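Each chain, written out:
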Amino acid sequence: MGENRREGRASGADWGSALHRARAHAPFLARALERNPELAALLAAGEGEAALAWARAQGEHPDAEVALRRERLAMAAALAVGDLAEAFPLARVVGELTAFADRALDRAIRTAIAERCDSDSADGFIALALGKQGARELNYSSDIDPILLFDRERLSRRASDDPGEAAQRYARRVVALLAGNTADGYALRVDLRLRPASEVSPLAVPVGAALTHYQGQALAWERAAFTRARAAAGDIAAGEAFLAAIRPFVWRSQLDFGAIEEISALTHRIRDSHKGPPAPGPGFDVKRGRGGIREIEFYVQTHQLIHGGRDASLRVRGTRAALDALAAAGWIAPEHAVTLGEAYDRLRMIEHRLQMVHDRQTHTLPVGEALDNVARLDGLEDGAALVAELSALTQATGRIYEELIGRRDTAPVTVAMPASALAQSLAAWDFPEPEVLAERIESWRDGRHAAIRSPQAVEAWDRLAPALLTAMAASDDPMRAITRWERIIESVPSAITTFRLLAARPDLIERLVAALTLAPALSDELARKPELLDTLIDRDALDLPGEVPAIMARMQGAAAREDYEALLDAIRIVTGEIRFALGIQLIEGLADPLAIARALSRTAEAALELAAEATVAEFAAKHGRIPDSELLILGLGRLGGGALTHASDLDIVYLFTGDFAAQSDGERPLGATVYYNRLASRVSAALSVPTAQGALYEVDTRLRPQGNQGPLAVSCEAFGKYQREAAWTWEHMALARARVLYGSPAARTQLGAVLAEVLGAPRDRNALREAVLEMRAEMAKHKPQSGPVDAKLARGSLVDIEFLVHYLQLKGEAANGSALSEAAPQALSPDLAAAMGGLAEAGLVPADLAEPHALMSRMLVAGRLLAPDGREPPPSGARALARACGFDSYAGLEEAFAAARLRVAQVWKQILGTDILADEQETPA
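Residues numbered from 1 in each chain as written. Predicted model: local features only at pLDDT ≥ 70, side-chain atom pairs only at ≥ 80, totals over all residues. Heavy atoms only, no water.

J.: Can you lay out the overall build of the protein chain for me, pointing to particular residues and giving the numbers?
T.: Within the protein chain, the secondary structure is distributed over 41 helices and eleven strands. Here the protein chain holds 925 residues, and the buried ones make up 56% of them. Taking the intrachain contacts of the protein chain between residues at least 6 apart in sequence as the baseline, contacts between residues at least 24 apart amount to 72%. Carbon and sulfur atoms provide 51% of the accessible area of the protein chain, an area that totals close to 38100 Å². One way to put it: in the protein chain the 102 positive side-chain charges average out to a point 3 Å from where the 125 negative ones average out. (Helix = DSSP H or I, 4+ residues; strand = E, 2+ residues; numbered from the N terminus. Buried < 20%, exposed > 50% of the residue type's maximum accessible area, 1.4 Å probe, protein only. Contact = heavy atoms within 4.5 Å. Areas by Shrake-Rupley, 256 points an atom, 1.4 Å probe, with all protein chains shown as cover. Lys, Arg positive; Asp, Glu negative; His and termini not counted. Charge placed at Lys NZ, Arg CZ, Asp CG, Glu CD.)

Have a look at this one:
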């Protein structure tokens, strides 16, 4: 860099040097300063802020055409000199230029309307800013690329005017007000070609037509353009509503690595059509050339398009802000963000120098003395110094960009080959019957499957196939992987996005194959929703989900719209993503199954609370609310205990507070009993009925008073009366794992008192013991052990531990004779592990009973995926099950399970006096 610029930086803002260079090397700036001597005096005095204020004041002229042009000229001069003086950083310069463009566009719209209607109301006329104006990054001679929309019903117009004709009249006048050349020059160049179907559409497009276009006909470049879109002028609120409506088009929830191919093809077309030199020198285009401004912007927008649908932190408009967000989220290397960001700023500054000279929209380095002139305007020695700096910048940025899109000379590897050649490859990979399998695989791409029908899908499959088949061959059960993969491509209408994702992220292939071979439930989920693979590239995909409020916030953030149905869809989407990611963590041994069980429970609680909250509000909109009354939801079973598996349903009971004879206060009032029973039914439907995003949970309400014969929701008073006077022992045992999941703190306290009273009531010990033994014997008769790894129903397993714990909880007395609630309150926890700790503290169970419980709980959680029928899984599944439970081998797990069952049986006999393993032919050793 030249000495002039270095000296200016060392001593702070150098207004004198900046004015000298502006007058000597930029005829446009020289004329602007000559026409505005007051402005020139302020700049000479170093009063940068005062100069900007003076420039803005030029826009106060009553004639809009005059005002806009004078303000634009003054702003351009003030910002240029402040830029050259290094008093205004790049972000300030482009921000001020954009703010002027927004003001000018809004004034032009209101002027056009006022000229026709005697009112400057912009209701119903929208100006969306795209490109650099949308990103608040306008340069000195940028045109603006707005999209003008209008609402037929709300557009301000004469009563006799057709709304469509009025909108076109306004659009033409806006362009004339901004772009027409007068004695004062022009205000802004306007390009309306980014509007939907610009070759056939009017200048201002109806909102409805635009929505239809973007929701079904738009091209990839339009998605990229809308990453920068914002409502800039006119009816701002309507513009923001429009952008919210098309948000799913821009920010797709499913990852689409096809964006890389599309941007790559566009880049190569631009490079091929660009006539200038490929490297910096005279004629080089700092915007379109290799490593230039546009390629940095494409780099940012491509990453945003791929990941922004799932990562809302990336939905920022500015290029520098987006680079920072991508680096912070872990999608790009921090050093790449720094390199590209610094280069982008410098390239934009050089672009500004080129445009300052003659106020032309140019991006090309001139030849000879003109190049030296631009360099000296910038403060460099000469054109050679400028070219050397640009060469270093663009070499670095071009290399980073090509890592993303690939070089033109790098052709993808595919498997489009005759079946005989494929059979040879399959034989080399040790697939059985390779000739038959080759024909089967080749049939996938013959057009019979919708998933691989289009030429693009066939090409994407051909790129993926070698890596996928290799990974399948390396698995323990290649043919199972083939069969389940085939089920996926048979069941989905399109798989091109999945193919591209796997090809772009080969690390996901092994996880896919693991899901296909080890976990039928995960494979089935993928067949229904292949986009679940997207979740695995999120930066926190293999972390356990946060607490309930964080999961609820994620669900709310995933809603495509702010309405009830969209929220129910979002709950299903996020729940499915979390459950799938937890399943992958489990089969890969990345997290303790006990932690996964708690995470599954937190996810269900978040879904339940959010669905209930939304359903209550939706129901109240029609039927009102009942004063001094509310819905309560009680979780029981594994949900109450906070430890679900992938196969768990939700055991819940609906209750309500207040007077059962009360009535709601809405337009369609209901009595309390009918009100809450209908509301409970709606909540159950919200949690269980399939939507466009599939099902959520099975809801089981049979543990309510009187089971299926009783009402779905009862008052807390009736519930307490039933539990005290009519409930069976097994119902009280179920109540020992009850936990309030929905309701206000006051209502939770009220119900908690009822539960404490019921569980703490005195009982006949002998009758309690006999009831427990009889219930367990009946269960063993009707629900026997299903297989060797059934850690739930096998005698000496989890059910027996649960019966022991609940028996002691209902007995209610510590070993020293004191009340259990006083001696060890934790013993009454619905969390079995916590309850056993309390029972051990109270001297009722040995402390080492926690170890069999932990082992069997891990086996249950992992087994629901790896051995869902309780039978011995195939070798790969057996190893995964052992690994999940903390063992090096399946044999080691079997041995530990047998010892754990024996220990449980010993404790059972010690407490309840019967031998639960006596009837087995072989007692575990």
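Back to the text.
J.: Break down the sheet that holds strand 5 (residues 204-206) for me, with residues and values.
T.: Ordered in space as 5-3-1-6, the four strands form an open sheet in which the pairing is mixed. Both outer strands of the open sheet, strand 5 and strand 6 (230-234), are each paired with one neighbouring strand and no more. Geometrically, the sheet is characterised by an average inter-axis angle of 35° between neighbouring strands, direction not taken into account. The sheet contact formed by strand 3 (residues 147-150) and strand 5 spans three bridges and is parallel. Its bridge partner lying in strand 5, Phe-150 is registered against Pro-206. (Pairing = 2+ DSSP bridges. Axes fitted to C-alpha atoms, helices over the stretch in contact; angles between N-to-C directions.)

J.: I'd like to hear about the packing of helix 16 (residues 319-328) against helix 17 (residues 334-358), residue by residue, with values.
T.: Running from amino to carboxyl end, helix 16 crosses helix 17 at an angle of 175°, the nearest separation of the two axes being 9 Å. As summarised for this structure, helix 16 and helix 17 are arranged roughly antiparallel, according to the angle between their axes. Note on element contacts: helix 17 touches helix 16 through Pro-334, Ala-337, Leu-340, Gly-341, Glu-342, Tyr-344 and Asp-345, opposite Thr-319, Arg-320, Leu-323 and Ala-327. Considered class by class, the residues forming the contact of helix 16 with helix 17 number six nonpolar, two polar and three charged. (Parallel < 35°, antiparallel > 145°, perpendicular 65-115°, else oblique. Nonpolar A, V, L, I, M, F, W, Y, C, P; charged D, E, K, R; others polar.)

J.: Describe the pairing of strand 3, with residues and values.
T.: Two faces, one strand: in a regular strand the side chains alternate between the faces of the sheet. What you see with strand 3 is no split at all: Ile-147 and Leu-149 on one side and Leu-148 and Phe-150 on the other are buried throughout. In terms of strand pairing, strand 1 (residues 125-129) meets strand 3 through four bridges, oriented antiparallel. Residue pairing in the sheet places Ala-127 in a bridge with Leu-148 of strand 3.

J.: Pulling in residues and values, what's your account of the pattern of salt bridges?
T.: Counted under the stated rule, the structure contains 48 salt bridges. Linking Arg-173 and Glu-115 is a salt bridge whose minimum nitrogen-to-oxygen distance equals 2.9 Å. Within this pair, whereas Arg-173 is found in helix 9 (residues 163-179), its partner Glu-115 is found in helix 7 (residues 90-117), the two being separated by 58 residues in sequence. Among the salt bridges present, the one from Arg-116 reaches Asp-161, with a minimum N-O distance of 3.0 Å. Highlighted residues: Arg-116 in helix 7 and Asp-161 in the loop between strand 3 and helix 9, separated in sequence by 45 residues. Look at Arg-116 and you get partly exposed, because its relative accessible area is 22%. The class for Asp-161 is buried, based on a relative accessible area of 8%. (Salt bridge = Lys/Arg side-chain N within 4 Å of Asp/Glu carboxyl O.)

J.: Let's hear about the confidence of the model for the protein chain: which residues, and what values?
T.: Scored by pLDDT, the protein chain has a mean of 90; 95% of the residues are at 70 or more. Contacts for the low-pLDDT stretch residues 1-11, under 50 throughout, to residues beyond four places or in other chains number 17 contacts. Within the model, the stretch residues 408-415 combines pLDDT values under 50 with eleven contacts to residues more than four positions away or in other chains. (pLDDT = per-residue confidence, 0-100.)

J.: Outline the side chain of His-213, listing residues and values.
T.: Positionally, His-213 belongs in helix 10 (residues 207-216). Note on His-213: relative accessible area 9%, which makes it buried. Excluding residues that lie within four positions of it along the chain, His-213 makes contacts with Pro-196, Ala-197, Ala-218 and Glu-222.

J.: How would you sum up the packing of helix 17 against helix 19 (residues 383-405)? Please name residues and give values.
T.: How two helices sit against one another is set out by the angle between their axes and by the gap between those axes. Contact geometry for helix 17 and helix 19: axes closest at 10 Å, N-to-C directions at 135°. Taken together, helix 17 and helix 19 sit at an angle that is classed as oblique. Handedness of the helix 17/helix 19 crossing: left-handed. Residues His-336, Thr-339, Leu-340, Ala-343, Arg-346, Leu-347 and Ile-350 of helix 17 form the contact with helix 19, whose participating residues are Leu-386, Glu-389, Leu-390, Leu-393, Thr-394, Ala-396, Thr-397, Ile-400 and Glu-403. Residue composition of the contact of helix 17 with helix 19, grouped by class: nine nonpolar, four polar and three charged. (Left-handed = near helix turned anticlockwise from the far one by under 90°.)

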